[in-house]
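Chain by chain, the residues:
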Amino acid sequence: MSSLRPAAVAGAFYPAEPRALQREVDELLDGVERFEPRFSWPKALVVPHAGYIYSGGTAAQAYDELRAGRGAIRRVVLLGPVHRVAVRGLALPGVEAFETPLGRIPVDAQGVMALSGLPQVVTSPQAHAREHSLEVQLPFLQRALGAFSLLPLAVGAAGTAEVVQALERLWGGPETLIVVSTDLSHFHDYDTAQRVDGDTAARIARLESGLDHAQACGATPLNGLLALARARGLAIRRLEVCNSGDTAGGRDRVVGYASFALDDPRQAVSREEAGAVLIGLARAAIAHRLGLAQAPRLDAAVAPWLARPGASFITLTLDGRLRGCIGSLSAARALGEDVLANAEAAAFRDPRFAALTPAEWSRTQVEVSLLSAAKPIRYADEAELLARIMPGEDGLILEKDGRRGTFLPQVWESLPEPREFLAQLRLKAGLPADTRLSACRVLRYRVIKWKQAAPQSGAALQ
């Protein structure tokens, strides 16, 4: 028995050269224009499995949802239909790892053991050897999650209850992601496919589990997921529905694609709850440094999302004027640690200001901004850049020749005209005023922000 399942469709469904594959996947993920910062991630995804030129953009809509789970999702249970080798039941691959041009992914041995004793679970290296429905998901998962273990199931003839039984054993907690790979209808003309797939998508959105293989080639694993999601109270979001006629094919015979995210409401964090916690942490860090409060504590039991990677900016104002602003542009450490460090830095190490004093503290307001992942804006010239940015919503990062500057979206309040906004951002980045924007790299992000008024004189919020 081989210990490795090598890549079988690299060079056909996606690039075989590692750098080209990484670049293509990253470009697809960067092309997803949903910028809302997230505290949680889906429990399950439904994704298509055609070549990336056809369905890669639709798949990226789902995989972009996992950004907040990087480092926290440690296992992926991946189910897809067999296309080449018939099998009865759900087939394990009988190997220790899968390989793509981006590296090896270990098979989850504990998950394999958890399925032992289920008669519908078999081992079939042949079913996996050339199966693309699972393989095409792996580069997306590698780029979105980093390191993880994989439990791959090639699904053949099986009942919904049999799929549910297997998923129940593998469900786990937030560390486990379920992914079902399926396309929608096949080889209708464009208008017919739109009608058929629209109906199928509506049924999926209602968590109906009676789909057939004319509606979705992966109906067997999909029905199992939808039935279990309904039983467990998951919520579902439709991300994108299209077909190959919308992407890279003709419109006479098309294949339908869709992506959905399924969320566990028990993992949700409200904005109000998050804001109260983050403002409290930022103020406590500053008050502690001033000798007015005890050291803040990061309680993972109360707010486990603080341990997940996050990027924040802390802005201080004194009597309505800027008094300090320091932050992170990428999620390089736990969000709680990031807020504590940036709050202290904004108060005491912003090079534009002297250190904050106890006398000023009672008149100081603290604002916490949580940043989304920054994504590059593609543009040919300044006119196209100006047309693409969203005043009042976009935070911008401008980069050139090793220099970088950023303005939070809040800066639009004082610089509402886009040309002036970009002109001042060039100066903040340390670039000459006549630097051509077409020679720069510009990225955008969005923020959720919370602002709390200063405590009453003599008091300190901890």
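The coordinates are above.
### Some points on the overall build of the chain
Regarding its fold elements, the chain presents 15 helices and 22 strands. Seen along its three principal axes, the alpha-carbon backbone of the chain occupies a region of about 75 × 50 × 40 Å. Evaluated residue by residue, the chain yields a buried proportion of 54% over its 462 residues. In the structure as shown, the chain presents an accessible area of about 19,500 Å², 50% of it carried by carbon and sulfur atoms. With 52 positive and 50 negative side-chain charges, the chain shows a spacing of 4 Å between the two charge centroids.

### Section: the packing of aromatic side chains
Counted by the stated rule, this structure contains 7 aromatic pairs. Considering the side-chain rings of F407 and F421, the 5.3 Å spacing of their centres and the 75° angle between planes classify their relative orientation as edge-to-face. With F407 in strand β20 (residues 403–407) and F421 in helix α15 (residues 418–428), this pair connects stretches of sequence that are 14 residues apart. Judged by relative accessible area, which is 11%, F407 ranks as buried. Arranged with centres 3.7 Å apart and planes meeting at 10°, the rings of W412 and F421 form a pair that is stacked. Residue W412 shares its accessibility class with F421, and that shared class is buried. Members of the aromatic cluster, connected to one another through ring pairs, are Y14, Y52, Y63 and F140.

### Details of unusual backbone geometry
Of note in this structure, L207 is not a glycine but carries a positive phi near 60°. With respect to the element layout, L207 can be found in the loop between α8 (190–205) and α9 (219–232). A positive phi angle is found at D401, which is not glycine, with a value near 55°. With respect to the secondary-structure elements, D401 resides in the loop between β19 (395–400) and β20. What makes D401 exposed here is its relative accessible area of 67%.

### Regarding the nonpolar core
Judged by nonpolar contacts, the single largest core of 42 residues is most densely connected at Y63, L66, V76 and L141. Broken down by secondary-structure element, the contributors of at least two residues to this core are α1 (18–30), β2 (44–47), α2 (52–63), β3 (75–81), α6 (138–145), β8 (149–155) and β9 (176–181). For V76, the contacting residues outside a window of four places in its chain are L141, L145, F148, S149, L150, L151, L177 and V179. Ranked by size, the runner-up nonpolar core spans 38 residues in total, among them W171, L226, L228 and A258.

### Some thoughts on the sheet that holds strand β6 (residues 103–106)
Taken together, the 3 strands give an open sheet; going across it, the order is β1-β5-β6, and neighbouring strands pair in mixed fashion. Either end of the sheet is taken by a strand with one partner, and the two such strands are β1 (4–5) and β6. Note that strand β5 (residues 97–100) and β6 share 4 bridges and pair antiparallel. Bridge pairing in β6 places A97 opposite P106.

### Focus on the pattern of salt bridges
The full count for this structure, using the stated rule, is 36 salt bridges. In this structure, D64 and K375 form a salt bridge, with 2.8 Å as the shortest nitrogen-oxygen distance. Residue D64 is found in the loop between α2 and β3, and its partner K375 is found in strand β18 (residues 375–376); the two are separated by 311 residues along the sequence. Residues R104 and E99 are paired through a salt bridge, measuring 3.4 Å at the closest nitrogen-oxygen approach. According to the relative accessible area criterion, R104 is exposed, its value standing at 57%. Classification of E99 by relative accessible area gives partly exposed; the value is 26%.

### Section: the pairing of β5
Where β1 and β5 come together, 2 bridges link them in parallel fashion. Its bridge partner lying in β5, R5 is registered against F98. Counting the residues in the hairpin turn of β5 and β6 gives 2 residues.

### Examining the sheet that holds strand β22 (residues 447–452)
Reading across the sheet, the 4 strands line up as β15-β14-β17-β22 and stay open at both edges, with antiparallel pairing between neighbours. At either margin of the open sheet sits one strand with a lone partner, and together these are β15 (321–327) and β22. Here the average twist between neighbouring strands, direction ignored, is 15°. As paired strands, strand β17 (residues 364–371) and β22 are joined by 6 bridges and run antiparallel to one another. For V366, the partnering residue across the bridge sits in β22 and is Q452.

### Comments concerning the packing of helix α7 (residues 160–170) against α9
With their axes 8 Å apart at the nearest point, α7 and α9 run at an angle of 65° to one another. As α7 packs across α9, the resulting crossing turns out to be right-handed. Across the interface between the two elements, T160, V163, V164, L167 and E168 of α7 pack against T220, P221, N223, G224, L225, A227, L228 and R232 of α9. Here the residues of the contact of α7 with α9 are counted per class, giving 7 nonpolar, 4 polar and 2 charged.

So, how was this worked out
Residues numbered from 1 in each chain as written. Predicted model: local features only at pLDDT ≥ 70, side-chain atom pairs only at ≥ 80, totals over all residues. Heavy atoms only, no water. Helix = DSSP H or I, 4+ residues; strand = E, 2+ residues; numbered from the N terminus. Buried < 20%, exposed > 50% of the residue type's maximum accessible area, 1.4 Å probe, protein only. Areas by Shrake-Rupley, 256 points an atom, 1.4 Å probe, with all protein chains shown as cover. Lys, Arg positive; Asp, Glu negative; His and termini not counted. Charge placed at Lys NZ, Arg CZ, Asp CG, Glu CD. Phe/Tyr/Trp six-rings, centres within 6.5 Å; stacked < 30°, edge-to-face > 60°. Core = buried A, V, L, I, M, F, W, Y, C linked by side-chain atoms within 4.5 Å. Contact = heavy atoms within 4.5 Å. Pairing = 2+ DSSP bridges. Salt bridge = Lys/Arg side-chain N within 4 Å of Asp/Glu carboxyl O. Axes fitted to C-alpha atoms, helices over the stretch in contact; angles between N-to-C directions. Left-handed = near helix turned anticlockwise from the far one by under 90°. Nonpolar A, V, L, I, M, F, W, Y, C, P; charged D, E, K, R; others polar.

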